Amino acid sequence: MAEIYANNVRGKLAEPFLAADTRLTLQPGHNFIDPGNHWYRATLFRWEYTSEGMREFDHEVVKVTALAGDVLTVERALEGTAYAYDPDTPIELRMTAGAASDIEARAGQALMEHEKAENPHGQYVPRDGADLGSNDLKARLTHNNGYFYIGAYNSSYGTGQLRVYWNDKDKQLNMGGAELRSVKVRNVDVTGRKPVTNLELVGETDIPGTVFALREDGTSPSFNADVNAQRASGFHYANSGATNKPEGANGHLVWLSLGTAYNKFLFLPQNNANRLFIGGNHGSNWSTPAEVWTTENLDMKITTDDIEFSDDLMIKKPNPWLTLNSRTGGAIGVEQCAGISLGESGKKGNAVLHLTYTGNGRGHIGMGTVDAETGLPSNEAMELYYQNRDVKFLGRLELPLGVTLDGATNGLKISNSSNGDVEIGNRNTGYTHYHSSTGRHYFYGDIHAQGRHVGDGSRLTNLDAGNIKSGTINFNRVPSTSSRFSTSTSHALNAAAMNAHRTSGDHDDRYAPASGFGAVGSYVLAQYMKNTQKLRGEAVPGSDLSPMFTAQNNGMFVSSSIRVSGTWMCMGRAEGSAQGNVTLWQRIS
């Protein structure tokens, strides 16, 4: 039986496990394995929480020899003392000191046996040389001379053999100038792949189209044929007789081919080392070679952080779009920030108009130096947010004719450079406030209000009594006058004058004319015929009312067959359709 090992095996006791027991039952859900003809170590332990974290104690290492269902067969106290354990006690496979000692002992024994063996490395060639294979094909490795020969076996290893020599000083492998055919250079281990350098792969020298990389003399093969034709992948040179060359210039080509229908090439004109074109075909269609622009073509300078152009930059195409795509992670205002600076002080400078995005969904427009930590210009004027159309102004708005709009206390301040300012806004939840620096207000045209004018009227002047409505001005603020109109600043209408106006022929239509039963302004005692409640001031149609009268014999209310029309207002409280619920009603329309 050999000791075996496993990772992350654990479970818990389902029943008490006494110190003398050799079989223990596990709770369902464990991942213990059957050791078969082998065995493994398992560790039981108790634990508790302390102020410094979980503490384990009472460890016992047992030897597990069998597993049947949820029952383990064990030998006790393989390491440590045998304890009695309660249900829910953990048991796990762990590395133990005993296991480490056994591994060390087995390794030492194996090393000792290896050193005593006559030929422990039968798969290797001894350093002093050895013959490998049959007499028809053998190889000999000779360490002392530094050569490795491959070929038909003979005593001289002469003509026809490949002589390989390793120059350890220069780290070079010399293969004696041998020609390699049908060679594949491959490394299966991508992670450990090593570069192949200074390698010439030469095809048939009289057919340039079969040459990859370089010719035998180290130069590119040249051609005088059409550039737009298939050729082997590799390096080529378009000579003076070649046609369809970019701009008609001789030059070098780096060619990639996947057969007749798919070719791509890079073309470097001989007359200008800093220009590059890319071309190729898809099927029978050969594209016009396009120039790859460089710093020299674009007249630009690339520094560590910037690209500088010495001339104007124009993007001319359908739907041109300039995108500055900042990072989605990192600090807001730093890594996630993007911006454009327009002006004489340069990038993020003072006398510059800045358009910045800070990375938190907000854009900013302003001038002044851009803060390196926030991405905001020192004189930020506007802020926008990508989830709505709102614009936040952080300064005043200067309008024509010397007018300025500015934020005030919970409102808007409109200023005129010559005449002062007015503030409009809600300074609390109860009122909207108007304030003028002049202390006076002048309105062009009539003033209409759906609510009341509230105040004691102490500063009212030049009243037109024809426009005064009930409840607008306290009577004690209206001095005596005999006319219903007054342009005097010393007196206005008093209560007597108002009563005279009410009884005159030109009073307003708030007063109903004297009329008979059921007319507008008349009253009636009536029962509300609906089984709902109506309070003072509520209106109902006349068809919902039944006028009441007192009986002649006992004075009790009785219903009348008379019905009324129009709209009536409750003057008291109507409790429903019971005959005793009689309320006073006034016709209002």
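Scroll up to find the structure this text is about.
Residues numbered from 1 in each chain as written. Predicted model: local features only at pLDDT ≥ 70, side-chain atom pairs only at ≥ 80, totals over all residues. Heavy atoms only, no water.

1. Some words on the overall build of the protein
- Of regular secondary structure, the protein possesses two helices and 37 strands.
- Considering the protein as a whole, with its 589 residues, one finds that 24% of them fall into the buried category.
- Long-range pairs, those at least 24 residues apart, make up 31% of the contacts in the protein between residues at least 6 apart in sequence.
- Element-wise, carbon and sulfur atoms account for 51% of the exposed surface of the protein, whose accessible area totals about 41,000 Å². (Helix = DSSP H or I, 4+ residues; strand = E, 2+ residues; numbered from the N terminus. Buried < 20%, exposed > 50% of the residue type's maximum accessible area, 1.4 Å probe, protein only. Contact = heavy atoms within 4.5 Å. Areas by Shrake-Rupley, 256 points an atom, 1.4 Å probe, with all protein chains shown as cover.)

2. Quick word on the nonpolar core
- Counting residues in hydrophobic clusters, the biggest one holds 17 residues, and the most contacted among them are Leu 24, Phe 32, Leu 72 and Ile 91.
- Those elements giving two or more residues to this core turn out to be β3 (40–50), β4 (53–68) and β5 (71–80).
- Aside from chain neighbours lying at most four places away, what touches Phe 32 is Val 9, Arg 10, Gly 11, Leu 26, Tyr 40, Ala 42, Leu 67, Leu 72, Ile 91, Glu 92 and Leu 93.
- Residues Val 524, Val 564, Cys 570 and Trp 585 belong to the second largest nonpolar core, which totals ten residues. (Core = buried A, V, L, I, M, F, W, Y, C linked by side-chain atoms within 4.5 Å.)

3. Notes on the side chain of Thr 358
- In this fold, Thr 358 is placed in the loop between β21 (352–357) and β22 (362–370).
- Here His 364 takes part through its side chain, which lies 3.3 Å from a polar atom of the side chain of Thr 358.
- Apart from residues no more than four positions distant in its own chain, Thr 358 is found in contact with Ile 332, Gly 333, Gln 336, Cys 337, His 364, Thr 374, Gly 375 and Leu 376. (Polar contact = N/O pair within 3.5 Å; in protein donor to acceptor, adjacent residues only side chain to side chain.)

4. Examining the pairing of strand β26 (residues 403–408)
- In this structure, strand β25 (residues 397–399) lies alongside β26, joined through three bridges in antiparallel fashion. Across the sheet, the residue bridging to Leu 397 is Leu 405, located in β26.
- Taken together, β25 and the strand that follows it, β26, pair antiparallel across an intervening segment of three residues, in which Leu 401 is found at a positive phi of about 65°.
- Pairing of β26 with strand β27 (residues 411–416), which is carried by six bridges, proceeds in the antiparallel orientation. (Pairing = 2+ DSSP bridges.)

5. A word on the pattern of salt bridges
- Summed over the entire model, instances satisfying the criterion amount to 14 salt bridges.
- For Glu 383, the salt bridge identified is with Arg 362, shortest N-O distance 3.5 Å. With a gap of 21 residues between them, Glu 383 in strand β23 (residues 377–385) and Arg 362 in strand β22 connect regions that are remote in the sequence.
- The exposure class assigned to Glu 383 is buried, which follows from its relative accessible area of 16%.
- When its relative accessible area of 28% is taken as the criterion, Arg 362 is described as partly exposed.
- One salt-bridge network, in which partners are shared between bridges, spans Glu 3, Arg 41, Glu 79 and Asp 102. (Salt bridge = Lys/Arg side-chain N within 4 Å of Asp/Glu carboxyl O.)

6. Section: the side chain of Glu 423
- With respect to the helices and strands, Glu 423 occurs in strand β28 (residues 420–425).
- Relative accessible area serves as the criterion here: at 16%, Glu 423 is assigned to the buried category.
- A distance of 2.9 Å separates a polar atom in the side chain of Glu 423 from a polar atom in the side chain of Arg 427.

7. What to know about the pairing of strand β16 (residues 276–282)
- As judged from the six bridges shared by strand β15 (residues 262–269) and β16, these two strands associate in the antiparallel manner. Bridging across to β16, Phe 265 finds its partner in Gly 279.
- Taken together, β16 and the strand that follows it, strand β17 (residues 285–292), pair antiparallel across an intervening segment of two residues, in which Gly 283 is found at a positive phi of about 70°.

8. Notes on the sheet that holds strand β29 (residues 433–436)
- The sheet built from five strands is open, its strands ordered β25-β26-β27-β28-β29 with antiparallel pairing. The open sheet is flanked by β25 and β29, the only strands paired with a single partner. Looking at each pair of strands side by side, their axes are set apart by 20° on average, direction ignored.
- By the bridge criterion, six bridges tie β27 to β28 in an arrangement that is antiparallel. By the bridge assignment for β28, Ile 414 is matched with Val 422. (Axes fitted to C-alpha atoms, helices over the stretch in contact; angles between N-to-C directions.)

9. Side note on empty space enclosed by the protein
- A full pass over the atoms with the stated rule returns one cavity of 30 Å³ or more.
- One number sums up the size of the largest cavity: a volume of about 40 Å³.
- Lining the largest cavity are Thr 409, Gly 411, Leu 412, Glu 423, Ile 424, Gly 425, Arg 427, His 433, Tyr 434 and His 435.
- When residues of the lining of the largest cavity are traced back to their parent elements, those giving at least two are β27, β28 and β29.
- Split by residue class, the lining of the largest cavity holds three nonpolar, five polar and two charged. (1 Å grid on protein atoms, 1.4 Å probe; cavity = no way out; pocket = protein on both sides within 12 Å on 5 of 7 lines; lining within 4 Å. Points joined across faces, edges and corners; volume = space filled by probe spheres on them. Nonpolar A, V, L, I, M, F, W, Y, C, P; charged D, E, K, R; others polar.)

10. With respect to the environment of Met 367
- Following the sequence through the fold, Met 367 ends up in strand β22.
- Take Met 367: its relative accessible area is 41%, and that puts it in the partly exposed class.
- Between the C-alpha atom of Met 367 and that of Pro 377, which follows or precedes it by ten residues, the distance is 5.6 Å.
- Filtering out sequence-adjacent residues up to four positions away, Met 367 remains in contact with Asn 350, Ala 351, Val 352, Leu 353, His 354, Pro 377, Ser 378, Asn 379 and Glu 380.

11. Brief notes about unusual backbone geometry
- Not every positive phi belongs to a glycine, and Asn 244 is a case in point at roughly 60°.
- Topologically, Asn 244 is positioned in the loop between β13 (234–238) and β14 (251–257).
- The exposure class of Asn 244 is partly exposed, given its relative accessible area of 44%.
- A positive phi angle, near 55°, is found at Asn 319, a position not held by glycine.
- Relative to the assigned elements, Asn 319 resides in the loop between β19 (307–309) and β20 (338–343).
- The class for Asn 319 is exposed, based on a relative accessible area of 59%.

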